[in-house]
Number of protein chains: 2
Amino acid sequence: MPDWFSDKGVVDSAIIGDRGFQYGDGLFETIAIRNGEPRLWQYHMDRLTKGCDCLAIKVPAQDYLIAGLAKALRLADHSDDNCVAKIIVSSGDRDRGYARPFVAAPSVFFGVFPSTVPAMKSYRDGIDTRICKTRLASNSALAGLKTLNRLEQVLARSEIYKTEVFEGLTMDAADNIICGTMSNLFIVNNGDISTPSLASCGVEGVMRRHLIETLMEQGISTDIQAIRLADMNNSDEIFISNSQFGILPVRRCAKMQWSVGEITKKVMAILADAGVAECRL
Amino acid sequence: MPDWFSDKGVVDSAIIGDRGFQYGDGLFETIAIRNGEPRLWQYHMDRLTKGCDCLAIKVPAQDYLIAGLAKALRLADHSDDNCVAKIIVSSGDRDRGYARPFVAAPSVFFGVFPSTVPAMKSYRDGIDTRICKTRLASNSALAGLKTLNRLEQVLARSEIYKTEVFEGLTMDAADNIICGTMSNLFIVNNGDISTPSLASCGVEGVMRRHLIETLMEQGISTDIQAIRLADMNNSDEIFISNSQFGILPVRRCAKMQWSVGEITKKVMAILADAGVAECRL
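Presented here is a report on the structure given in the accompanying data block. Note that the structure is a prediction, hence the values are computed from the model and not measured.

1. Some details on unusual backbone geometry
Residue and element names in this part refer to chain A.
- Residues other than glycine seldom take positive phi values, yet Leu40 does so here, at roughly 55 degrees.
- By the element assignment, Leu40 lies in the loop between strand 4 (37-38) and helix 3 (41-55).
- Under the C-beta neighbour-count criterion, Leu40 is labelled buried, with 21 such atoms within 10 Å.
- Backbone geometry places Ala254, a non-glycine residue, at a positive phi of 55 degrees.

Here you go:
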């Protein structure tokens, strides 16, 4: 039943007709494959489960996901012991229109891509950031989730395309700094580590969680709170986290500048010991 | 280069890898085909152009879109003189990650589906609505556009799945009523017609525009303003508009009830004369 066409001819209706494409009705996880194994798998599974619950999509079985991922890693051109895997879970391929069962049976797709870890220089000297003009809309129903509705991140990221800036930081409408387009933010002030609350928008990164929990095990608490430009300006050190690169020191945000400080270096060492080898200086 | 897999095997990477699927980085138009011709084509083209400008996607040439649509209508199984066509314009198939050129070259897809016009009873007696719990986030950068980021509509629509309710109405965080999940709202009070402002969220429907402009030509003005539950409660008549069905009287929203009034009938007659034959009682 050909329903969909491009100028090249018939398009696979099962893919373009999927509600992931039609409405962004789904979720994804971007997983670091290290030594052939998915890193922080349980945290990815936890976030995916939470997302499926919020969107009323049946959670795919863990065994099914692990088997599918292993098969994709075996078959993909870009597969390597160290690469990037992406799992998309959508609400499936159904009739046109927003309506769908509550709870929807999922479609699951597995993608494999080359790894993209920054150069050692970025870990040692830090990276440049900027505050994006694009704001994050506050919507508690989707806050924290990694849904397929990512236009705000796309627009924010476009602001730094072809610049020397590594990451764009985004604020909500009330001037709270929430996260980067692809990372979470941490600030250090008088030795205290804080990260923005993601209660109303932003994505809860798995590396953010890993970092908070690993520091907690070392007796180091991380405050989750509102963070504003003035707080960044008053902070001694800043770093960002992401599932692929671990953490990276921030040396600049617009006119604000920081050195790579002792706390950041200590956190990197702790993370490196906790399995995030990229952070070993 | 197989990059993407499902449990059925290799998936067409050009489709699932498209930024429309990955991030909802694109737009769509749902067009009523009537007597073989796209209805309100210029309004669809105008909204698509505005959307492409906002998302920094190159606007596809009108001739290209018209030719692609004609070809899809010729080839599709569900094609008919009266059917539904959908055009998706995305920012294309590129490397993984949010980054893309500013301005992006588009991918364009054409879909064809059976028509879904409500029964005459709905035009004569009106339909039931409900206020959804799901709220629309306010984000002026995307307000009014028909982007592929439609999770709010999906969640709102899920609230009325398998109920007798025809449409769910959605509010912003400040309790302003904005629009239906798939329609725009009009209220009539002492003969005055109003429709919610879409300055910070909601979708600017082509039928809403057609209605406002057609009424204007008849010397009837439509106020665009904030509308709250109390305004609905105080109104004499209510109707909703959509590109496929034209307008439908609302007879109920939760406990509020209305009759199909004279103004609504007059608007339906005006619209029917202006080419929306479904509205002819």
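So much for the structure itself; the text now carries on.
2. With respect to the pairing of strand 14 (residues 246-253) of chain B
Residues and elements named next belong to chain B.
- Counting buried positions along strand 14 gives six out of eight residues, so the element sits mostly inside the fold.
- Where strand 7 (residues 127-136) meets strand 14, three bridges bridge the pair, whose relative direction is parallel. In the strand pairing of strand 14, Asp128 is matched with Arg252.
- Summarising the sheet, strand 13 (residues 237-242) and strand 14 pair through four bridges and their orientation is antiparallel. The residue of strand 14 that forms the bridge with Ser241 is Ile247.
- Hairpin connection, strand 13 to strand 14: the antiparallel pair is bridged by three residues.

3. Section: the packing of helix 7 (residues 206-217) of chain B against helix 9 (residues 262-273) of chain B
All names here are of chain B.
- Packing of helix 7 against helix 9 brings their axes to within 10 Å, and their N-to-C directions diverge by 95 degrees. For the element pair helix 7 / helix 9, the angle class is roughly perpendicular. Contacts from Leu211, Thr214 and Leu215 in helix 7 reach Val267, Ile270 and Leu271 in helix 9.

4. A closer look at the nonpolar core
- If you look at the biggest cluster of nonpolar residues, it comprises 156 residues, and the most contacted ones within it are Ala85, Ile87 and Ile247 of chain A together with Ala85, Ile87 and Ile247 of chain B.
- Those residues within four positions of Ile247 of chain A in sequence are excluded, and the remaining contacts are Leu211, Phe239, Ile240, Ser241, Val267, Met268, Leu271 and Cys279 of chain A.

5. Here's the deal with the interface of chain B and chain A
- In this complex, chain B contributes 56 residues to the contact, which on the side of chain A involves 56 residues.
- Only strand 1 (4-6), helix 1 (13-16), helix 2 (19-23), helix 4 (62-75), strand 6 (107-114), strand 7 and helix 6 (151-158) of chain B provide two or more residues apiece to the side of chain B that touches chain A.
- Looking at the side of chain B that touches chain A, its residues break down into 31 nonpolar, 14 polar and eleven charged.
- As defined by bridge partners, strand 1 (residues 4-6) of chain A adjoins strand 6 of chain B across two bridges and the pair is classed as antiparallel. Counterpart to Trp4 of chain A in the pairing with strand 6 of chain B is Gly111 of chain B.

6. Some details on the sheet that holds strand 1 of chain A
- Across the sheet, which stays open at both edges, the six strands sit in the order 2(A)-1(A)-6(B)-5(B)-3(B)-4(B) with antiparallel pairing between neighbours. A single partner strand is all that each edge strand has here, and the edge strands are strand 2 (9-10) of chain A together with strand 4 (37-38) of chain B.
- Pairing of strand 3 (residues 26-34) of chain B with strand 4 of chain B, which is carried by two bridges, proceeds in the antiparallel orientation. When the bridges of strand 4 of chain B are listed, Arg34 of chain B appears paired with Glu37 of chain B.
- Its contacts with the sheet put helix 3 (residues 41-55) of chain B on strand 3, strand 4 and strand 5 (83-90) of chain B, and the angle it makes with strand 3 of chain B is roughly 175 degrees.
- Sheet contacts for helix 4 of chain B: strand 1 of chain A together with strand 3, strand 4, strand 5 and strand 6 of chain B; angle to strand 6 of chain B, the most-contacted strand, approximately 40 degrees.

Calculation notes
Residues numbered from 1 in each chain as written. Chains lettered and ligands numbered in written order. Predicted model: local features only at pLDDT ≥ 70, side-chain atom pairs only at ≥ 80, totals over all residues. Helix = DSSP H or I, 4+ residues; strand = E, 2+ residues; numbered from the N terminus. Buried ≥ 20, exposed ≤ 12 C-beta atoms within 10 Å, placed from the backbone. Pairing = 2+ DSSP bridges. Axes fitted to C-alpha atoms, helices over the stretch in contact; angles between N-to-C directions. Parallel < 35°, antiparallel > 145°, perpendicular 65-115°, else oblique. Contact = placed C-beta atoms within 7 Å. Core = buried A, V, L, I, M, F, W, Y, C linked by C-beta atoms within 7 Å. Nonpolar A, V, L, I, M, F, W, Y, C, P; charged D, E, K, R; others polar.

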